[in-house]
Amino acid sequence: MNEIQRRRTFAIISHPDAGKTTLTEKFLLFGGQIQVAGAVKSNKIRKTATSDWMDIEKQRGISVSTSVMEFDYLPDGRDGKPYKVNILDTPGHQDFAEDTYRTLTAVDSAIIVVDSAKGVEAQTRKLMEVCRMRRTPVIVFVNKMDREGRDPFDVLDELEHELQIHVRPLSWPIGQGLKFKGVYNIYERQLNLFTPNKQRVTEKVAVDIGSAALDERVGEQEAARLRDDLELVSGVYPELDVNDYLAGTTAPVFFGSALNNFGVQELLDCFVEIAPSPRPTKAEERMVRPEEPKFTGFVFKITANIDPNHRSCIAFCKVCSGKFERNQPYRHIRLDKTVRFSSPTQFMAQRKSTVDEAYPGDIIGLPDNGIFKIGDTLTEGEDLHFRGLPSFSPELFKYIENDDPMKSKQFFKGLEQLMNEGVAQLFVNEFNGRRIVGTVGQLQFEVIQYRLEHEYNAKCRWEPVHLYKACWIEADDQAEMENFKKRKYQYMAKDMEGRDVFLADSSYMLSMARQDFKGLRFHFSSEF
């Protein structure tokens, strides 16, 4: 129970460029995992961010894949065992949204990062909907206060309106833009002043809000405004009730600048104290509680080539209950066979170290030689199926062809591993046998091409195919299914699991098919 209580597993989510990866980097700095913080868009700073380890991420300055990092953290002045923090830094770009949605199934809470000048953006709204569906508690971090932006009260109103959640500020900015002096910590009722520093943690100075020292530090005008603002905050917003936060109806809000290290420690200290420890996970058969003695877990992500020298895949497994131990026999439910893991790992983005045991809330890497698919369940023998890892119906389609006949083995191996990762979906057309790749966004085609070339030494080329949507079909009446396949044989395909997929080339054709064949069920996500 002690191990479960001290764990905090959370995802950092937001619209692209709000500052997720920079915030992750500063968390690692406070957690003592790195001594010098890297930059995402590094022009002066030569060290890139820890969580963006793929070549393509370093080149473009965006995150393409979720990375997992863990560290121990104990707030200043506290005794006892440190908290164990597991961070998942997710891609913000909507082309990789599926990776982010899957990651949200494996965490107990989330931190949403909002740009103070731009406010709530489209992708932030979508991610908030996923959190609301799963009742995941969220904390909001309003970033980039060191740039000219909107008034903090306007930002709070927009958060309430757009994200449909009550807010309660727990820290408050002193000034903004060029006049930004720091952050007052409402939660602990003290003022911490840091010297701005992008790469290291500076010493903090504690100042009492009522004292004259405040006027000396930040100037009389700013001090007076801060006192007025705080009075207004306590008048307008009710005190934070931690139970409302845990139920997902209230979001605590922090202000700061991740780049300059302002407001990050306030967020981290409060987060480890109020965020939930691992919660029960819903399986098809029953609710699985973290304190149960027997181990259960599920795979929510697969990554190929974490180590470029070895062509190996790693399956990310979230521990839901019991205790995972190295070299113990566990049952792989889908294949119904016993598996053992001699070298399970813990992550620090790309660096990994072997681990002997793991507790609920932890995320471990299991070496995968092709036995895992996303959504697989591992248990100590019980028949359980964890659900809720959807693949969405793709919206963009292209034929993929091998461009170098001498490298066909590398091409097929690379394509299979990347598709198992869930980067995109592969369909084989039954009419002409050609492979069609379906994605949610244009950027994924570029990532597949880049990774095939640089990780597998294989070249591919894309050819256009005109399709509107792919949907999975099933029927109770086999005769009607056969009839449908005969009539639409040019548009039938199989996915990697061998299930029937109908590739409609227009919305009209899809609606006509649904009208003509009433006995067929059309699914737009692969989970049914």
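Residues numbered from 1 in each chain as written. Predicted model: local features only at pLDDT ≥ 70, side-chain atom pairs only at ≥ 80, totals over all residues. Heavy atoms only, no water.

- An unreviewed UniProt entry annotates the chain as Peptide chain release factor 3 of Hallella colorans.
- Under Subcellular location (unreviewed entry), UniProt gives the following word-for-word description of the chain: "Cytoplasm".
- As stated in UniProt under Function (unreviewed entry), the record for the chain gives "Increases the formation of ribosomal termination complexes and stimulates activities of RF-1 and RF-2. It binds guanine nucleotides and has strong preference for UGA stop codons. It may interact directly with the ribosome. The stimulation of RF-1 and RF-2 is significantly reduced by GTP and GDP, but not by GMP." (UniProt positions renumbered as here; feature names shortened; annotations may be inferred.)

## Some words on the environment of Gln425
Next, step 1: One can find Gln425 in strand 25 (residues 425-429).
Next, step 2: Sequence separation between Gln425 and Pro394 is 31 residues; the distance between their C-alpha atoms is 7.6 Å. (Helix = DSSP H or I, 4+ residues; strand = E, 2+ residues; numbered from the N terminus.)

## Things to note about the side chain of Glu480
Next, step 1: Mapped onto the secondary structure, Glu480 falls in helix 13 (residues 478-487).
Next, step 2: If we skip the residues at most four places from it in the chain, Glu480 touches Phe517, Lys518, Gly519 and Leu520. (Contact = heavy atoms within 4.5 Å.)

## Describing helix 13
Next, step 1: Where helix 13 is concerned, the buried positions are Glu480, Met481, Phe484 and Lys485. Here the buried residues of helix 13 occupy an arc of 140° about the axis, which is enough to place them on one side. Of the exposed residues in helix 13, those oriented more than 90 degrees away from the buried face are Ala479, Lys486 and Arg487.
Next, step 2: Contacts from the buried residues of helix 13 go to strand 28 (469-475), strand 29 (492-494), strand 30 (500-504), helix 14 (507-516) and strand 31 (520-523).
Next, step 3: Regarding helix 13, its N-cap is Asp477, as a side-chain oxygen of that residue lies 3.2 Å from the backbone nitrogen of Ala479 further along. (Buried < 20%, exposed > 50% of the residue type's maximum accessible area, 1.4 Å probe, protein only. Arc of directions from axis to C-beta. Polar contact = N/O pair within 3.5 Å; in protein donor to acceptor, adjacent residues only side chain to side chain.)

## Some thoughts on the packing of helix 11 (residues 408-420) against helix 12 (residues 443-456)
Next, step 1: Helix 12 packs onto helix 11 with a crossing angle of 125° between their chain directions and a minimal axis gap of 10 Å. With respect to their mutual orientation, helix 11 and helix 12 come out oblique. The interaxial crossing formed by helix 11 with helix 12 has right-handed handedness. The segment helix 11 lies against helix 12, with Gln410, Phe411, Gly414, Leu415, Gln417, Leu418 and Met419 engaging Ile448, Arg451, Leu452 and Tyr456. (Axes fitted to C-alpha atoms, helices over the stretch in contact; angles between N-to-C directions. Parallel < 35°, antiparallel > 145°, perpendicular 65-115°, else oblique. Left-handed = near helix turned anticlockwise from the far one by under 90°.)

## Details of the packing of aromatic side chains
Next, step 1: Counted according to the given criterion, the structure contains 19 aromatic pairs.
Next, step 2: For the ring pair Phe10 and Phe271, a centre distance of 4.4 Å and an interplane angle of 55° mean the geometry is tilted. Here Phe10 is found in strand 1 (residues 7-13), whereas its partner Phe271 is found in helix 10 (residues 264-274), with 261 residues between them in sequence. Neither Phe10 nor Phe271 differs from the other in exposure class; each is buried.
Next, step 3: The interplanar angle of 75° and the centroid separation of 5.2 Å between the aromatic rings of Phe484 and Phe502 together place this pair among those described as edge-to-face. Of this pair, Phe484 sits in helix 13 while Phe502 sits in strand 30, and the two are 18 residues apart along the sequence.
Next, step 4: A residue is classified by how much of its surface remains accessible, and Phe484, at 0% relative accessible area, is buried.
Next, step 5: Taken together through their ring pairs, the aromatic side chains of Phe295, Phe324, Tyr330, Phe341 and Phe372 make up a single cluster.
Next, step 6: The cationic tip of Lys398 hangs over the ring face of Phe445; the distance from NZ or CZ to the ring centre is 4.7 Å.
Next, step 7: Here the basic side chain of Arg434 rests over the ring of Tyr399, its NZ or CZ set 3.8 Å away from the ring centre. (Phe/Tyr/Trp six-rings, centres within 6.5 Å; stacked < 30°, edge-to-face > 60°. Lys NZ or Arg CZ within 6 Å of the ring centre and 35° of its normal.)

## Structural notes on the pattern of salt bridges
Next, step 1: Counted by the stated rule, this structure contains 31 salt bridges.
Next, step 2: In this structure, the salt-bridge partner of Arg225 is Asp151, at a minimum N-O distance of 3.5 Å. Separated by 74 residues along the polypeptide, Arg225 in helix 8 (residues 220-236) and Asp151 in the loop between strand 5 (138-143) and helix 6 (152-163) bring together distant segments of the chain.
Next, step 3: Between Asp495 and Arg499 there is a salt bridge, with the nearest N and O atoms lying 3.1 Å from each other.
Next, step 4: Linked by salt bridges that have partners in common, Glu3, Arg6, Arg7, Lys81, Lys84 and Asp362 make up one network. (Salt bridge = Lys/Arg side-chain N within 4 Å of Asp/Glu carboxyl O.)

## Considering the packing of helix 2 (residues 20-30) against helix 10
Next, step 1: With their axes 10 Å apart at the nearest point, helix 2 and helix 10 run at an angle of 70° to one another. As the angle between them shows, helix 2 and helix 10 are arranged roughly perpendicular. In this structure, helix 2 uses Leu23, Lys26, Phe27 and Phe30 to contact helix 10, whose residues at the interface are Val264, Gln265, Leu267 and Leu268.
Next, step 2: The residue makeup of the contact of helix 2 with helix 10, split by class, is 6 nonpolar, 1 polar and 1 charged. (Nonpolar A, V, L, I, M, F, W, Y, C, P; charged D, E, K, R; others polar.)

## A look at the sheet that holds strand 28
Next, step 1: Pairing within the open sheet is antiparallel, and its 8 strands lie in the order 27-24-26-25-29-30-28-31. The sheet is open, and its two borders are formed by strand 27 (460-464) and strand 31, each paired with just one other strand. Strand-to-strand, the axes of this sheet are offset by a mean angle of 40°, without reference to chain direction.
Next, step 2: Of the strand pairs in this sheet, strand 24 (residues 396-402) and strand 26 (residues 435-439) are connected by 4 bridges, and their pairing is antiparallel. Its bridge partner lying in strand 26, Tyr399 is registered against Ile436.
Next, step 3: Packed onto the sheet, helix 11 meets strand 24, strand 25, strand 26 and strand 27 and runs at close to 150° relative to strand 24.
Next, step 4: With respect to the sheet, helix 13 is in contact with strand 28, strand 29, strand 30 and strand 31, its orientation differing from that of strand 28 by roughly 150°. (Pairing = 2+ DSSP bridges.)

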